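One letter stands for each residue in the lines below.
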Amino acid sequence: MTLQQELRKRLEHKSILLMTHLVLGYPSFEVNKEVIRQMAENGVDCIELQIPFSEPIADGPVISKANQKSLQNGTTVRECILFAEQMAVEFPQVHFLFMTYYNIVYKYGERAFLEKTKKIGFTGTIIGDLPPEEGQSYVAASRELDLAPIVFFTPTSTFERMQDVAKYGEGFVYCVARKGVTGKQTALDEHVAVYLEQCRKATDLPLAVGFGISGAADVQKLQGRADMAVIGTATIRLVDEKGPSAVGAFIAGLRD
Amino acid sequence: MTLQQELRKRLEHKSILLMTHLVLGYPSFEVNKEVIRQMAENGVDCIELQIPFSEPIADGPVISKANQKSLQNGTTVRECILFAEQMAVEFPQVHFLFMTYYNIVYKYGERAFLEKTKKIGFTGTIIGDLPPEEGQSYVAASRELDLAPIVFFTPTSTFERMQDVAKYGEGFVYCVARKGVTGKQTALDEHVAVYLEQCRKATDLPLAVGFGISGAADVQKLQGRADMAVIGTATIRLVDEKGPSAVGAFIAGLRD
Amino acid sequence: MTGVNSFSRYRELLLKSLKEKVVDTMKKGYFGQWGGAYIPEVLHATFVELNKAYDLARTDKKFWQEYVDFMQNYSCRPTPLTYAENLSDHLGGARIYIKREDLNHTGAHKANNVMGQGLLVKRMGKKRVIAETGAGQHGVATATMAAKFGFECTIYMGEEDVLRQRPNVFWMEKLGATVVPVTDGSRTLKDAMNEAFRDWVSSMDTTHYVIGTVCGPHPFPEMVAWFQSIIGIEAREQILKQFGKLPSRVYACVGGGSNAMGIFQGFLQDEGVELVGVEAGGKGLETGMHASRMVGGKSQPGVAQGYKTMFLQSDEGQMLDTHSIAAGLDYVGVSPILVDLGEKGRVRFESATDEAVLEALSLSMRTEGIIPALESSHGFVQAIKEAPKMQRDEAIIINMSGRGDKDIFTIAHAYDDPSWKEFIIQRAEEYKNRV
Amino acid sequence: MTGVNSFSRYRELLLKSLKEKVVDTMKKGYFGQWGGAYIPEVLHATFVELNKAYDLARTDKKFWQEYVDFMQNYSCRPTPLTYAENLSDHLGGARIYIKREDLNHTGAHKANNVMGQGLLVKRMGKKRVIAETGAGQHGVATATMAAKFGFECTIYMGEEDVLRQRPNVFWMEKLGATVVPVTDGSRTLKDAMNEAFRDWVSSMDTTHYVIGTVCGPHPFPEMVAWFQSIIGIEAREQILKQFGKLPSRVYACVGGGSNAMGIFQGFLQDEGVELVGVEAGGKGLETGMHASRMVGGKSQPGVAQGYKTMFLQSDEGQMLDTHSIAAGLDYVGVSPILVDLGEKGRVRFESATDEAVLEALSLSMRTEGIIPALESSHGFVQAIKEAPKMQRDEAIIINMSGRGDKDIFTIAHAYDDPSWKEFIIQRAEEYKNRV
Ligand SMILES: Cc1ncc(COP(=O)(O)O)c(C=O)c1O
Ligand SMILES: Cc1ncc(COP(=O)(O)O)c(C=O)c1O
């Protein structure tokens, strides 16, 4: 089954799916593991594991700092992959995706990176700075390996652009809820509703909505409009403030 | 008798005349008075009393500083003239001349200054920055009042220039012994001898030689070549270092 | 120089040359395999708009004329080509000419790019500009342009640089710009650039991001090179007039590469003219404390900050810290156009150490009364090295990208001038007493 | 601008105008009753030589051409005339044009004079130059010229100024000059000038004294005015081309008066153009802490430093201390040519306070992206005051004699910038720790 089919299947029992995010090696792989455990045990559907990069231009201050601290801790790409492999084994109920920037992939070797991703049981990749124009071979290789190359819709995308972009996507479309970087509050208002209607028309892929989703109220508002809510910065903040043990209850509370 | 005639007469008994210099109000009028007394009593023929000016461009560091200190003490032009008048009365054996810069004269009023100079019994004036070209009316007024406007010969003067300049002079010609400002040692060598021969040919006026004459040896070398040796910076230094009481012996020793 | 009229003629030639000689696949802004536009999707529309505006401007003769007029009336163009007679005599060998970008308003070639983008922003109807800056030169130039065009202006600057380059920060603020210290990463230039991108992805409707060099996503490398080509256009005309023939070599320092691309373009079609780019050798290539991407073999192809080029990075793709006495050369990446020209053998790359730079600077000051910026002095180093081995009937041009008085804190520091230190200490005492 | 050819034409006109309109008795270098050459006899021969060299140069068209070429190739002439559209719109009223002397090499109009005298020195075969300097601008310009022409160079600078203007001292030294701190008098500009004269009276065989402004003994006022006339020649041509007619008024700050004389000469014959000189009002004319010789009625005719003019002096003829935030205007005397033009009603004089200067500077930075020197900002003050009362179809020109970045220590201080102070304090700590 493709990731898209997997998600559709889950949607038969759930009003909305959840995807969470964390930065590998921040604050440490041990904490990462505990956080992932709590997420998995509380029904998260997908998790983005971000391989840290020194120039995370699309991330806001919280994730950006997490990238930086992780690298300062000495986190390497190889370690991240090793850790990811363990997680995929330990939490088979979760769909894992790598999130990173293109240089990490490029230096690893595009094909090698994707093969490895597939091999460890991941289902897709999200690359913050690889628009379809630059990612032709990347998309092709992903498809060949049955991996989902996640594409983005944004509030600045024209309908035509959405249609174009969607052609390159698999799994789901990551709909950025507002302009800007990660980590800022998004008002899920009328504009977002209209925007998501557009998104829906432009593709048959499930819609994941991210950027600024921080609690149950947000998730609730997305129900019926999107297929998956993406919680990014909110959990990083939570772990920073209350430690990994707070994650379970938070996740459980998102979708009552 | 004109100043020139007075000097010629003195030269009948003396191998060389002496002119000394001091800055009025430096270090104080009291010291000035004591210094003048010692000079007069030890046979000095002429004394230049310098009225201090804030911009003494032709003076070297010692006299320059003396000008400045005197002004800082609050010395005024009027005080200087009052003091000068007393000196002329007290030491009739000395020919007094004012030395200053043109602005002092100009602000006082050219005619008024000269009339005052005459009235207090002075015999001439030495203006450091008034070349004959700019001093036409000054020279005319001086002559009218029987005051000697002292002109300069310098080692840079051509013979023609000396002849030109001499026409404007009375009393004596101030022959600057070398290029430069006051207060630096002059080597009274062959060059100076040749220069003084030139000066002698260019004018009938007595020749006073100054700039860097600092002791008996210098004065001796000038004998037969010049009519008057001018001691400037040397006595200021002496007073600075040893006090006014040292002046008498110094002067007396110049012309053994 | 009559200048003005001949510009449009040259412009045609140049664009032709840029396309034919450098650009293999222009479609997506690639130069050979370098360049591209690796941008977050949210900026797609913004880049579409920018590409459109740039293409319109590029094909509109009036725009270039407007640009040239503006630079003549506001920034003293054409800048002179000064024959460095004393330096040439001192060294023997080739005659050295210096292209005087230091005489631009704000003191460096940065003005050419910034004012050009300013005119474009006016056309696009945007009201705000943002920029990254390292040393602060590009920041001051952008703040100046913003004041002149009436734009709002925010400058991103690494916190380290804000502390080191206070004089430039002071002027930016006085010119009306907001300077935002960036506390991410190494807190220097590349981090400022990241932060500017972060601003842009939320503000693109009203805001243009004025990238300061021939780097970043397409169309920036090509566009900035286009604006800077005014240097080469003038220099070619001037050397022909003054020397009677083309120079044998042209030297320029290479940070991002904009001043180098600017002057090189004037001579790209002249196969006989060797083009030499000089990178920051810092404390020596062997120490790892440098910013040499083309020389020294330590850099690797990579993709960051929106484009593909040679980056100083780890094997896993994390960017490394760089070092140069010249803040403007202290950058991990380099123009994709220059990498391509290097691969094709059209540009030779060299590097100059901090130490050699200070020596060249001294020599230039004493023989020519000219104070090159620390960046520009890198070009001088290599020219001074090579000129003596050349013939008297040859000429070389050094592109003097900026003036050095901006660098007084760094230079006085580097020369370890005791009076300077005393002066600063004394000033500080005054301030402390008054606080 | 084609410039070059029209210069010789204008030169004729200008010299004629200088002679006919300003100079009543040229014989001894008098302008009306002002000027002259009150020099110690030992300098007579030197002045004869200088007058001869100057007269030869003045009547030799090749010399002027050589000068113009040199300035074009070394110092970016013609400098632009920038239309200050935003400032004009902001104020309403007359259109404001700015003559950009700040874009000269070394950052001010001082270059015009210094390079001109440098060419003359070359002709005279002398090998050494000396100069006085206050703020250090003329010192840096002279040191630069000396480096370029291969002369030895000594700069006299009041000890106070050496302490205050360390950045300029640093550059002079690096350019190869010896800077001598003068401990006489008020230890500022006039004392440095005295000291330079003292050097000259012993060194005149090999040495030329490069006076920095249109003051001092004949032929300096006329000669410096002549070199600076290049500003007015260009400005007149530029305003006719850009605005289509002559300006109603021309503003310039007046220290010694060289930048003012430079631009005014271009318009002397144009009776309809009002010429406005702006002096340093310091802390206010009523406080006595200023340097206004023509306005405020506190100055008196006098003779010092070799010439007759209006000096700020006591009734007995001792020079007074002056004050201005702009070191370059902080001088007791003023050009004899300007005093004459003032008496004849051809030039109107105004004064601007330190406070008003800082405001004008801010406005210029924010509206035009232009940082005038504190000196130049004086001209801006008056123009800003008067422009709103004028008509939209009138133009005015402000002569921007220099750039303001040289003044960062003073300006940051004046604006009481806390980050600047912190920066200096921090630097000082670093230096102390390392000592
Ligand atoms: C004077 C000067 N030269 C050179 C550079 C380097 O930039 P580029 O290589 O783009 O010319 C800078 C950058 O700040 C600069 O200020
Ligand atoms: C920038 C600038 N403007 C003006 C002046 C004043 O001189 P002047 O009145 O001779 O132009 C100076 C003197 O240093 C200066 O540096």
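By convention here, each chain's residues receive numbers from 1 onward along its written sequence. Note on labels: chains are lettered from A, ligands numbered from 1, in written order. Under the rules for a predicted model, residues below a pLDDT of 70 receive no local features and side-chain atom pairs below 80 are neither given nor counted, while totals for whole chains, interfaces and linings still include all residues. Side-chain metrics rest on all non-hydrogen atoms present in the structure, leaving aside hydrogens and water.

In this structure, what is going on with the overall build of chain C? I would like to understand it.
When helices and strands are counted, chain C shows 16 helices and 14 strands. To get the radius of gyration, use the C-alpha atoms; to get the globule rule, take the number of residues to the power 0.38 and multiply by 2.2 Å. Computed over the C-alpha atoms, the radius of gyration of chain C is 20 Å, within 12% of the 22 Å expected from 2.2 N^0.38 for a compact globule of 435 residues. A principal-axis box enclosing the C-alpha atoms of chain C has dimensions of 60 × 55 × 50 Å. Only protein chains enter the accessibility calculation, which uses a 1.4 Å probe; a residue is then buried when its area is under 20% of its type maximum, exposed when over 50%, and partly exposed in between. In chain C, which comprises 435 residues, the share counted as buried stands at 72%. For this analysis, residues touch if any pair of their heavy atoms sits within 4.5 Å. Restricting the contact set of chain C to residue pairs at least 6 apart, pairs at least 24 apart contribute 74%. The accessible surface values rely on the Shrake-Rupley method and a 1.4 Å probe; as for residues, cover is taken only from the protein chains in view. Summing over all exposed atoms, chain C offers an accessible surface of approximately 12,600 Å²; the carbon and sulfur share of this is 50%. Residues scored as charged are limited to Lys and Arg (positive) and Asp and Glu (negative), so that His and the chain ends carry no count. To locate a charge, the coordinates of NZ of Lys, CZ of Arg, CG of Asp or CD of Glu are taken. Of the charged side chains in chain C, 49 are positive and 54 negative, and the gap between their average positions amounts to 5 Å. For the purposes of this entry, the term helix denotes a DSSP run of H or I that reaches at least four residues, the term strand denotes a run of E that reaches at least two, and both are numbered from the N terminus.

Teacher, can you tell me more about the environment of S258 of chain D here?
All names here are of chain D. With respect to the helices and strands, the residue S258 is situated in helix α11 (residues 258-264). Among the residues examined, S258 registers a relative accessible area of 2% and is labelled buried. A sequence separation of 31 residues divides S258 from F227, and the C-alpha atoms of the two residues are 9.3 Å apart. For S258, the residues in contact, after removing those within four places along its chain, are H109, K110, G212, T213, V214, V224 and Q228. The term polar contact refers here to a pair of N or O atoms within 3.5 Å; inside protein, the definition further demands a hydrogen-donor-capable atom paired with an acceptor-capable atom, and it admits residues adjacent in sequence only when both atoms are side-chain atoms. A polar side-chain atom of S258 sits 3.0 Å from a polar atom in the side chain of H109.

What is the right way to read the interface of chain D and chain B from this model?
How big an interface is tends to be reported as the loss of accessible area on association of its parts. Counting residues at the interface gives 37 residues for chain D and 36 residues for chain B. Buried surface at the junction of chain D and chain B, both sides included, amounts to about 3,100 Å², of which 49% is carbon and sulfur. As a working definition, buried area equals the accessible area (1.4 Å probe) given up by two parts on being put together, with both sides summed. Its largest share of buried area at the contact with chain B, chain D owes to E41, R198 and E316 of chain D, together 23% of the area lost on that side. Should a side-chain nitrogen of Lys or Arg be within 4 Å of a carboxyl oxygen of Asp or Glu, the pair is scored as a salt bridge. Joining chain D to chain B, the criterion identifies five salt bridges. Among the ionic pairs, R78 of chain B bridges to E316 of chain D, the shortest N-O distance being 3.4 Å. Applying the counting rule to chain D against chain B returns 26 residue pairs in polar contact (both at pLDDT 80 or more). Among the secondary structure elements, those contributing two or more residues to the side of chain D that touches chain B are α2 (44-58), α9 (189-203) and β11 (300-304) of chain D.

Would you mind going over the arrangement of the chains with me for this structure?
Sorting the three pairs of chains in contact by contact count puts chains C and D at the top. At the C-alpha level, the nearest point of chain A lies 25 Å from chain D, with no contact between them.

Is there a simple way to think about the pattern of salt bridges in this case?
When the charged atoms of two side chains with opposite charge come close together, those side chains can pair. Overall, the coordinates contain 98 salt bridges over all chains when judged by the stated rule. In this structure, E90 of chain A and K33 of chain A form a salt bridge, with 3.9 Å as the shortest nitrogen-oxygen distance. Linking E90 of chain A in helix α4 (residues 77-90) with K33 of chain A in helix α2 (residues 29-41), this pair joins segments that are 57 residues apart in sequence. Classification of K33 of chain A by relative accessible area gives partly exposed; the value is 31%. In this structure, the salt-bridge partner of R37 of chain B is E34 of chain B, at a minimum N-O distance of 2.9 Å. Pair noted here: R37 of chain B and E34 of chain B are both in helix α2 (residues 29-41), with a separation of three residues, about one helical turn. Overall, the relative accessible area of 29% leaves R37 of chain B in the partly exposed class. Overlapping salt bridges, with partners in common, bring together R249, E274, R348, E350 and E386 of chain C in one network.

Sorry if this is basic, but what is going on with the interface of chain C and chain D here?
Listed by partner, the interface residues are 66 residues for chain C and 66 residues for chain D. At the boundary of chain C with chain D, total buried surface from both sides reaches about 5,800 Å², with 62% on carbon and sulfur atoms. Here chain C and chain D share 28 residue pairs in polar contact (both at pLDDT 80 or more) between them. The leading source of residues in the side of chain C that touches chain D is helix α16 (residues 418-434) of chain C, at 13 residues.

What exactly am I supposed to notice about the site of ligand 2 here?
Residue and element names in this part refer to chain D. Close to ligand 2 lie 17 residues, the nearest being T213, G255, G257, S258 and S401. Residue K110 places a side-chain N or O atom 3.3 Å away from an oxygen atom belonging to ligand 2. S258 places a polar side-chain atom, nitrogen or oxygen, 2.6 Å from an oxygen atom of ligand 2. If ligand 2 stood free it would expose 390 Å²; the protein chains cover 97% of that surface. Put simply, Ala, Val, Leu, Ile, Met, Phe, Trp, Tyr, Cys and Pro go in the nonpolar bin, Asp, Glu, Lys and Arg in the charged bin, and everything else, Gly too, in the polar bin. Looking at the shell around ligand 2 residue by residue, the classes come out as four nonpolar, 11 polar and two charged. In these notes, residues near a molecule or strand are those with any non-hydrogen atom within 4 Å of it.

It is not clear to me how the domain arrangement of chain C should be interpreted in this structure. Could you clarify?
Residue and element names in this part refer to chain C. Reported domain spans reflect what an automatic or database domain assignment gives. You can read the domains of chain C as domain 1 (32-76 + 110-221) and domain 2 (81-106 + 229-413). Spacing between the C-alpha centres of domain 1 and domain 2 amounts to 23 Å. With 37 residues of domain 1 in contact, the opposing surface of domain 2 contributes 38 residues. Both faces combined, the contact of domain 1 with domain 2 buries some 3,000 Å², and carbon together with sulfur accounts for 63% of it. Linking domain 1 with domain 2 are zero salt bridges. Across the contact surface, domain 1 and domain 2 share 11 residue pairs in polar contact (both at pLDDT 80 or more). Counting only elements with at least two residues in the side of domain 1 that touches domain 2, the list comes to β2 (34-35), α3 (61-75), α5 (110-124), α6 (137-149) and α9 (189-203). For the side of domain 1 that touches domain 2, the class distribution of residues is 21 nonpolar, 14 polar and two charged.

Would you take a moment to explain the environment of L188 of chain A for this structure?
All names here are of chain A. Inspection of the secondary structure puts L188 in the loop between β7 (173-176) and α9 (190-202). With relative accessibility at 12%, the residue L188 sits in the buried group. Distance in space between the C-alpha atoms of L188 and D146 is 33 Å, their sequence separation being 42 residues. Dropping the residues within four chain positions of it, L188 is found in contact with I213, D218, K221 and L222.

Is there a simple way to think about the packing of aromatic side chains in this case?
When we look at a pair of aromatic rings, we describe it by the centre distance and by the angle of the planes. Paired rings are identified among Phe, Tyr and Trp, the last through its six-membered ring, by centres lying within 6.5 Å, and are further divided according to the angle between planes into stacked (under 30 degrees), edge-to-face (over 60) and tilted (the rest). Summed over the entire model, instances satisfying the criterion amount to 72 aromatic pairs over all chains. When the ring of W226 of chain C is compared with that of F227 of chain C, the centres are 5.1 Å apart and the planes differ by 40°; the resulting orientation is tilted. For the pair W226 of chain C and F227 of chain C, a shared accessibility class is recorded, and that class is buried. Their ring planes at 80° and their centres at 6.1 Å tell us that F47 of chain D and F220 of chain D sit as a pair that is edge-to-face. Of this pair, F47 of chain D sits in helix α2 while F220 of chain D is found in helix α10 (residues 220-243), placing the two residues 173 residues apart along the sequence.

I tried to follow the site of ligand 1 on my own but got confused; where do I start?
Residues and elements named next belong to chain C. Looking at ligand 1, there are 17 residues lining it, with T213, G255, G257, S258 and S401 nearest. Within the contact set of ligand 1, an oxygen atom lies 3.3 Å away from a side-chain nitrogen or oxygen of K110. For ligand 1, an oxygen atom lies 2.8 Å from a polar atom in the side chain of N259. Contact with the protein chains hides 97% of the accessible area of ligand 1, taken as 390 Å² for the molecule alone. Each residue belonging to the shell around ligand 1 can be placed in one class, and the counts come to four nonpolar, 11 polar and two charged.

When you look at the side chain of E375 of chain C in this model, what are you seeing that I'm missing?
Inspection of the secondary structure assignment puts E375 of chain C in helix α14 (residues 374-386). Contact partners of E375 of chain C, with chain neighbours within four places excluded, come to A135, C253, A326, A327, G328, L329, S401, K406 and D407 of chain C.

What is the right way to look at the relation of the copies chain C and chain D in this model?
For these two chains of identical sequence, chain C goes onto chain D by a turn of 180° and a shift of 0.0 Å along the axis, with RMSD 0.0 Å. Here the transformation between the copies is reduced to the relation of a two-fold axis. Mapped onto chain D, 100% of the interface residues of chain C are again interface residues, and the two copies thus contact each other with one and the same surface. The copies are overlaid by a least-squares fit using only the C-alpha atoms of residues whose pLDDT is at least 70 in both copies.

Looking at this model, I keep getting lost on helix α1 (residues 3-11) of chain A. Mind explaining?
What sets the pattern is the α-helix's 3.6 residues per turn: residues three or four places apart point alike. All names here are of chain A. Of all the residues in α1, the buried ones are L3, L7, R10 and L11. Across the axial projection of α1, the buried residues extend over an arc of 100°, all falling on one side. On the buried face of α1, the contacting elements are β1 (17-23), β2 (46-50), β3 (95-100), β5 (148-149) and β9 (228-231). To obtain the arc, one takes the directions from the helix axis to the C-beta atoms.

Before we go on, may I ask you to explain unusual backbone geometry in this structure?
When glycine is set aside, most residues are seen to have a negative phi, and most peptide bonds are trans. The residue after R77 of chain C, namely P78 of chain C, is reached through a cis peptide bond having omega -5°. Topologically, P78 of chain C is positioned in the loop between α3 and β3 (81-83). The omega angle of the peptide bond from H218 of chain C to P219 of chain C is 10°, so this bond is cis rather than trans. Its place among the elements puts P219 of chain C in the loop between β8 (207-209) and α10 (220-243). Of note, T106 of chain D is a non-glycine position whose phi angle comes to about 75°, a positive value. Mapped onto the elements of the fold, T106 of chain D is located in the loop between β4 (95-100) and α5 (110-124).

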